[in-house]
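The chain contents come next:
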Amino acid sequence: KDEVYIGTAEERAAMGHGDGKGLGGAGHLAGAIILPEEEVDPGMYTAQRNKILTSISMLREQVKESATEEEAAVFEASIAKEVAHLEKINKDQEYHTKKTEEAKDVEMAE
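Student: Explain the overall build of the protein chain to me, using residue names and the numbers behind them.
Tutor: Scanning the protein chain for helices and strands turns up three helices and zero strands. Ordered by position from N to C terminus, the α and β elements of the protein chain give α-α-α. When burial is assessed residue by residue, the protein chain has 17% of its 110 residues classed as buried. Carbon and sulfur atoms provide 55% of the accessible area of the protein chain, an area that totals close to 9,000 Å².

Below you can see the structure in the form of C-alpha cells.
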C-alpha cells in the first residue's frame, strides 16, 4: 500500500504536527532542503562550480577519445547538461546574493 494515513489537520495539530510544521512552513515540499537565507554559504557555489567544471573537462576528453560520432554525441549532450547546471548555480547565487543584500539594507534601515 502506497498511502500513509496522516490524519486531519486538527489531529496533526493536536499531536504537534500541524500543517507545515518542521519544514520551515513548506509542508508540501517534503524532502526538499530549505535553508534560511543567512545559512547559504557562498563557498558552496564555488565548490559546485569546480565540480561541474571538472566534469566538463573530463567529458571533453571523452569526446576527443570517442570511437564513433554517436559516442561523441552522447558526451556532447552530457556537456550541455553540465553547462545548464552551471547556469542554474550562477542564477541561484545571484538570487541569494540579492536577497542577502536586501536583508542587510533592511537591517541598516532599522
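Student: Go over the pattern of salt bridges with me, naming the residues and quoting the values.
Tutor: Under the definition given, this model contains two salt bridges. Residue Lys64 is joined to Glu61 by a salt bridge in which the shortest nitrogen-to-oxygen separation is 3.4 Å. Here Lys64 and its partner Glu61 are both found in helix H2 (residues 42-65), three residues apart, which amounts to about one turn of the helix. Close ionic contact of Asp92 with Lys88 constitutes a salt bridge, the shortest N to O distance being 2.8 Å. Of the two residues, Asp92 and Lys88 are both situated in helix H3 (residues 69-109); the distance of four residues between them amounts to about one turn of the helix. Looking at Asp92, the relative accessible area reads 28%, which means it is partly exposed. The exposure class of Lys88 is partly exposed, given its relative accessible area of 48%.

Student: Before we move on, could you go through the nonpolar core and cite the residues and values that matter?
Tutor: Grouped together as the largest cluster of nonpolar side chains are 10 residues: Tyr45, Ile52, Ile56, Leu59, Val63, Ala72, Phe75, Ile79, Leu86 and Ile89. Put simply, the parts of the chain that give this core at least two residues each are H2 and H3. Here Phe75 is in contact with Leu59, Gln62, Val63 and Ser66, once residues within four sequence places are set aside.

Rules used throughout
Residues numbered from 1 in each chain as written. Predicted model: local features only at pLDDT ≥ 70, side-chain atom pairs only at ≥ 80, totals over all residues. Heavy atoms only, no water. Helix = DSSP H or I, 4+ residues; strand = E, 2+ residues; numbered from the N terminus. Buried < 20%, exposed > 50% of the residue type's maximum accessible area, 1.4 Å probe, protein only. Areas by Shrake-Rupley, 256 points an atom, 1.4 Å probe, with all protein chains shown as cover. Salt bridge = Lys/Arg side-chain N within 4 Å of Asp/Glu carboxyl O. Core = buried A, V, L, I, M, F, W, Y, C linked by side-chain atoms within 4.5 Å. Contact = heavy atoms within 4.5 Å.

Structural measurements only, silent on function.
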